[in-house]
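# Coordinate analysis (summary)
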Amino acid sequence: MWRDVLPNAWESILSRIRSFEYSQKNAVLVPAAALGVGGMLLYWLRSGHKIKTIDMGDGWWGPGERPLKGKEDASIRPFKIETSDKEIEDLHQRLDRFRFTPHVEGAAFHYGFNSTYLRKVVAYWRNQFDWRKQVEVLNKYPHFHTTIEGIDIHFIHVKPSYVPHGRAVRPLLLVHGWPGSFYEFYKIIPLLTEPAKHGLNEGDVVFEVICPSIPGYGFSEAPHQKEFDSIATARIFHKLMNRLGFREYYIQGGDWGSRITTNMAQMLPQSVKGLHLNLVFIARQSLGRLICIMLGAYVPWLVGFTREDVRRFYPYMQKNVYDLLRESGYMHIQATKPDTAGCGLNDSPVGLAAYILEKFSTWTDKSFLRQDDGGLESKYSLDELLTNVMIYWVTSSIVPSMRYYKENFSKDPDLSAHNRVGVYVPTGIAAFPQEIAHVPRVWAKDVYKNIITYSYMPRGGHFAAFEEPKLLAQDIMQFVQKVEQL
Amino acid sequence: MLLEVLLVLGTLLIYFLFSKKKEETLPFKDGWWGRGQKPLTKEDSSIRPFKVETTEEELSDLFRRLDQARFTEPLENSCFHYGTNSVHLRKIVSYWKNQFNWKKQVEILNKYPQFKTKIQGLDIHFVHVKPPRLPEGRAAKPLLMVHGWPGSFYEFYKIIPLLTDPASHGLGDEHIFEVICPSIPGYGFSEAPHKKDFNSVSAASVFYELMLRLGFNEFYIQGGDWGWLICTNLAQIAPNHVKGLHLNMVSVSKLGLTHLLSVLLGQYFPGLFGFQDEDVRRMFPFLKKGLYRILSESGYAHIQATKPDTAGCGLNDSPVGLAAYILEKFSSWTDIEFQNLEDGGLERKFSLDDLLTNIMIYWVSGCIVSSMRFYKENLQKGIGTQKHEKLTVQVPTGIASFPNEILHIPQAWAKKKYTNIVSFHFMPRGGHFAAFEEPELLAKDILQFVDKVEKEQLWKKKGE
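Residues numbered from 1 in each chain as written. Chains lettered and ligands numbered in written order. Predicted model: local features only at pLDDT ≥ 70, side-chain atom pairs only at ≥ 80, totals over all residues. Heavy atoms only, no water.

### Structural notes on the overall build of chain B
Let me state the cut-off plainly: Where helices and strands are cited, they refer to DSSP runs of H or I of at least four residues and of E of at least two residues respectively, numbered from the N terminus. For each residue, the accessible area found with a 1.4 Å probe, counting protein chains only, is set against the maximum for its type, and the residue is called buried under 20%, exposed over 50%, and partly exposed in between. Two residues qualify as a contact provided that any one of their heavy atoms is within 4.5 Å of a heavy atom in the partner residue. For every accessible area listed, the method is Shrake-Rupley and the probe measures 1.4 Å; residues are considered covered only by the protein chains on display.
Assigned secondary structure in chain B consists of 21 helices and nine strands. Expressed as a percentage of the 464 residues in chain B, the buried residues total 61%. Pairs at least 24 apart in sequence give 80% of the contacts found in chain B among residues at least 6 apart. As displayed, chain B has an accessible area near 18600 Å², and 56% of this comes from carbon and sulfur atoms.

Written out as structure tokens, the structure is:
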């Protein structure tokens, strides 16, 4: 059929060209058309390579109206965490008068935090936990405050005490999540600022580490205005790094930190040398994904799944639907009624501890649900767990920390709005086996276009930096090494 | 996108074709919910009078906690959109501490006779109110009324006199009731189950035993919220004993192709799907009034159905936290628009005394955690998976559909489950806590329902 049509078409084109008459109209129209088509072609070709970014925007989160005059105070003020007898006395009184509810027989951690074990935790908290000592531990790294967009941003800034000759010091921003804090990084910081001392000789890189507290968490002031989301946070953290004198830096995060650092990479890719994540958020909708899931169980290689992907991902319904539904009640209530959900927790330290520590149990290892003590002390010490809880308690930040869920989810229910923008900066992903949900590399690539490293970690869960600091540090370093060589 | 829609429709069609509603009864669920092993001796079945009590110690402990409550400032202009507004909460706490008189409220609670009796290993609390006067030769009709969450037997205190003594309240004396309001095990003064799996069928079985123990062979039952489900189950367990089932809330858990189609097209072809004008007015636009509303209001149910012991822990320790959690429901479930008010519209329909009395029942009995476990025991396997959800109800049913109920279920959907709907009325006003908020409207609807059942001897018809 084509053999018949083509000669005729060619004939008709030739005849049209032959009958082409010179006229003024054509003299203008034809070049104009050619220019138009050529221009569009060129734009289309170039736009394929042009990196899209998300708009930085601006914001004001202080109380009342934004002041019209005067520049914001950009000073960086040293800060030390303090406590008082009154604070400790008040805590002890509340621990003493905690009203305990017996659990049903055989509950383990299936109904939430086991109240028999909770009693033991409270007894330790009341009688052995030494908050003053922990405050000293917290103060061992230098803390600072600086005002950005109307609120006080807290951060720690740790420089290596000793830099071997010829080694470069790279700035690294570590962002925590919920229900964590800057304190989650206390064990990994020395591995990053002084790797050699800890037996990690991963190349030439040494870091100076900056760990801010997300506004509304810990010692960062809570936003007074609505709609403070991860984009606003990303922008504020860029401003923070800028204020500290950094133009290019590495960023790392898990949980909300993963979302914030991803937004940072999308906002100002030129400032982000590398993005490292220990959790990936991917929206799962689409027929293509559905087919991928169905086929992946039988012919994983066809859809780009590795054997380890299959091991972690299936059975699909159990691990990705039922488990997530079972674990996301907190997310649902915090994304809709944060002020209600957090009210009692800001008033009952034991309630706060149960709520937070339940996550440190289940998100570290799902099998911990079956244990009467939630397996908490198999990976963490009570001192570290309670120090994190105390940060929420002494700063009264549980409610603002929960509001973050509403501010992010109501604008973007499946956190996929910026997936289309993609992430082009060099990215490293550390996939921990006990993370709440596993995202295979082939799916992560849909958003993270420039994955330099993707590692299946041998052990560890959601709180990677807290639980497996050495593994995470090693992965960050080998990622940065690769980026430096690019 | 189209392919996905077609796949979904196809699946629903197949499911719909292969699922059939059966008319079996639901088996009575026996159990032992007490601590440890069931003893070999026979259970004590005596009915013991009970009085709510309080002590100075209880009060001073409460006041100390109220005094030391730590509040978090709300975001500017957030009203009740983020949950209970803490500025307004502060005012309520101040009233609670300075004006609310718990001793007086305890006397009010004790004005109706209360009892406890052991059933299946648990001490069951209930209120039992007989009519103050009965005309010659007349018998009182037994009526079991079941509360829900976060309510209690106290929700019925305003409607009880309208049912036990209707004549004094201008409601005619054709039908006079003796009312029994138990507390669901794990709520208020009823003992909480010590074993897992105490669900709505268990509660229905326990209440069935209660009614038999009180000597009633035939009775009416009424409920909303969990009371809706427990009464439905009771009607499925013992249809020959339940003369009539009255509900102020209905829910459906078996959704099929018809439901999907009626949601998509019901606005345009209401007649086709059996929708009345009022149904359309209440249900559409469906995304806003159906889907988004469920999502934005069901966070509590999600966390309570998965981690009740965590969710309730702090609330049993902080009365202010408990109040915030419970009051939020009395706001948005009475009228969803109350979220736009700085005070959550709380005092428009209820007095602070009434609201706080209900909260105090949760506080003094320490039952918030066990009340939340009921969600897990009922919902943990998912919605629409349990046996009783697949069975229909044949006893005469009356439904009072209140306009501000969280979700509106039209008669067209309800009758698939409740095959013998005798009356279905759109109430002119009122929300989820019908007995508490609009006792007269609800009482009138119950009376007209019972009247229909009695006049037409409907309960006898199904036996034939």
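### Digging into the overall build of chain A
Inclusion rule: A positive count includes Lys and Arg, and a negative count includes Asp and Glu. His and the chain ends are not counted in either. Think of each charge as sitting on NZ of Lys, CZ of Arg, CG of Asp or CD of Glu.
Helices and strands together make up the secondary structure of chain A, namely 19 helices and nine strands. Counting only residues that meet the buried cut, chain A has 57% of its 486 residues in that class. Considering only residue pairs separated by 6 or more positions, chain A has 79% of its internal contacts joining residues 24 or more positions apart. Summed over its atoms, the accessible surface of chain A is roughly 21600 Å², and 57% of this surface lies on carbon and sulfur atoms. For chain A, the separation between the mean place of its 56 positive charges and that of its 51 negative charges on side chains is 5 Å.

### Quick notes on helix α3 (residues 86-98) of chain B
Operational definition: How far a helix is expected to stretch is found by multiplying one less than its residue total by 1.5 Å. Here the arc refers to the set of directions running from the helix axis out to each C-beta atom.
Under the 1.5 Å per step criterion, the end-to-end length of α3(B) is 18 Å for 13 residues, consistent within 8% with the ideal 18 Å. When we look at burial in α3(B), the residues that qualify are B:S86, B:H88, B:L89, B:I92, B:V93 and B:W96. Looking straight down α3(B), one finds that the buried residues subtend no more than 145° of arc, so they occupy a single side. Away from the buried face of α3(B) by more than 90 degrees, exposed residues B:K91 and B:N98 are located. Buried positions along α3(B) lie against α13 (338-343) of chain A together with α2 (56-67), α13 (319-332), α14 (346-349) and α15 (352-365) of chain B.

### Notes on α13(B)
For α13(B), with 14 residues, the first-to-last C-alpha span of 20 Å sits near the 20 Å given by 1.5 Å per residue. Taking burial as the measure, the 14 residues of α13(B) include 14 buried ones, the bulk of the element.

### Notes on the UniProt feature "domain: Epoxide hydrolase N-terminal" (unreviewed entry) in chain B
Where we set the bar: UniProt positions are given in the numbering used here, feature names are shortened, and annotations may be inferred rather than shown by experiment.
Following the UniProt record, one finds the feature "domain: Epoxide hydrolase N-terminal" (unreviewed entry) at residues 47-156 of chain B. Within the segment residues 47-156 of chain B, helix and strand shares are 30% and 22% respectively, and the terminal C-alpha atoms sit 21 Å apart.

### Looking at the sheet that holds strand β5 (residues 205-212) of chain A
Residue and element names in this part refer to chain A. Our working rule: At least two DSSP bridges between two strands are required for those strands to pair. Helix axes use the C-alpha atoms of the stretch in contact, all axes being lines fitted to C-alpha atoms, and the angles between their N-to-C directions lie in the range 0 to 180 degrees.
A sheet is described by the order of its strands in space; here nine strands give the open sequence β1-β2-β3-β5-β4-β6-β7-β8-β9, paired in mixed fashion. Sheet topology places β1 (76-79) and β9 (451-456) at the edges, where each strand pairs with a single neighbour. Shown here is a sheet whose adjacent strand axes are inclined to one another by a mean of 25°, direction ignored. As paired strands, strand β6 (residues 249-253) and strand β7 (residues 272-277) are joined by five bridges and run parallel to one another. By the bridge assignment, I251 is partnered in β7 with L275.

### Points about the packing of aromatic side chains
Worth spelling out the cut-off: Any two rings among Phe, Tyr and Trp, with Trp reduced to its six-membered ring, count as a pair given centres within 6.5 Å; such a pair is stacked if its planes are under 30 degrees apart, edge-to-face if over 60, and tilted if neither.
Inspection of the entire model under this criterion finds 68 aromatic pairs over all chains. Their ring planes at 70° and their centres at 6.0 Å tell us that A:Y183 and A:F466 sit as a pair that is edge-to-face. With a gap of 283 residues between them, A:Y183 in the loop between β4 (168-175) and α6 (189-193) and A:F466 in helix α18 (residues 464-467) connect regions that are remote in the sequence. Pair check on accessibility: A:Y183 and A:F466 agree, each one buried. An angle of 10° between the planes, with centres 3.9 Å apart, marks the rings of B:F330 and B:F433 as stacked.

### Some remarks on the UniProt feature "active site" (unreviewed entry) in chain A
Residues and elements named next belong to chain A. What counts, and what does not: Under this definition, polar contacts are N or O atom pairs within 3.5 Å; protein pairs additionally need one hydrogen-donor-capable and one acceptor-capable atom, and for neighbouring residues in sequence, both atoms have to be side-chain atoms.
Taking the numbering used here, the UniProt-annotated feature "active site" (unreviewed entry) corresponds to D255, Y405 and H462. Looking at where D255 falls in the secondary structure, it is placed in the loop between β6 and α8 (256-267). When near neighbours in sequence (up to four residues on either side) are disregarded, D255 contacts G177, W178, L279, F281, W363, Y405 and H462. A distance of 2.8 Å separates the side chain of D255 from the backbone nitrogen of W178, its partner in a polar contact. The class of Y405 is buried, set by a relative accessible area of 3%. Contacts of Y405, omitting those with residues within four sequence positions, involve W178, Y217, D255, W256, Y330, M331, Q334, A335 and S410.

### Some thoughts on the sheet that holds strand β4 (residues 141-146) of chain B
All names here are of chain B. Strand order in this open sheet of nine strands is β1-β2-β3-β5-β4-β6-β7-β8-β9, and the pairing throughout is mixed. At either margin of the open sheet sits one strand with a lone partner, and together these are β1 (47-50) and β9 (421-426). Across the sheet, the mean angle separating the axes of adjacent strands is 25° when strand polarity is ignored. Bridge analysis of strand β8 (residues 397-401) against β9 gives five bridges, and the strand direction is parallel. Paired with A400 across the bridge in β9 is H425. Running over the sheet, helix α6 (residues 200-213) touches β1, β2 (114-119), β3 (122-129), β4, β5 (177-182) and β6 (219-223) and is turned about 115° from β2. Packed on one face of the sheet, helix α20 (residues 439-455) meets β4, β5, β6, β7 (242-247), β8 and β9 and runs near 150° to β7.

### Overview of the UniProt feature "domain: Epoxide hydrolase N-terminal" (unreviewed entry) in chain A
Here, UniProt's "domain: Epoxide hydrolase N-terminal" (unreviewed entry) annotation points to residues 76-185 of chain A. Within residues 76-185 of chain A, the helical portion is 30% and the strand portion 24%, while the C-alpha atoms at the span's ends are 21 Å from each other.

### Topic: the side chain of B:T310
Relative to the elements of secondary structure, B:T310 occurs in helix α12 (residues 308-313). Residue class for B:T310 comes out buried when judged on its relative accessible area of 1%. Separated by 2.8 Å, the side chain of B:T310 and the backbone nitrogen of A:F113 make a polar contact. At 2.5 Å, the side chain of B:T310 and the side chain of A:E358 are in polar contact.

### Some words on the interface of chain A and chain B
Rules: A quick way to say it: buried area is the sum, across both parts, of accessible area lost when two parts are put together, with a 1.4 Å probe. A side-chain nitrogen of Lys or Arg and a carboxyl oxygen of Asp or Glu constitute a salt bridge if their distance falls within 4 Å.
Taken together, the contact between chain A and chain B spans 59 residues of the former and 62 residues of the latter. Buried surface at the junction of chain A and chain B, summed over both partners, amounts to about 5100 Å²; 50% is from carbon and sulfur atoms. Contact with chain B buries area across many residues of chain A, yet A:R97, A:R99 and A:Y111 alone supply 17% of it, more than any other trio. For the pair chain A and chain B, the number of links is three salt bridges. Note that A:K337 and B:E297 form a salt bridge whose closest N and O atoms lie 2.9 Å from each other. Run the count over chain A and chain B and you get 39 residue pairs in polar contact (both at pLDDT 80 or more). Among the elements of the structure, α3 (85-96), α11 (316-327), α12 (329-336), α13, α14 (349-362) and α16 (398-411) of chain A are those that each provide at least two residues to the side of chain A that touches chain B.

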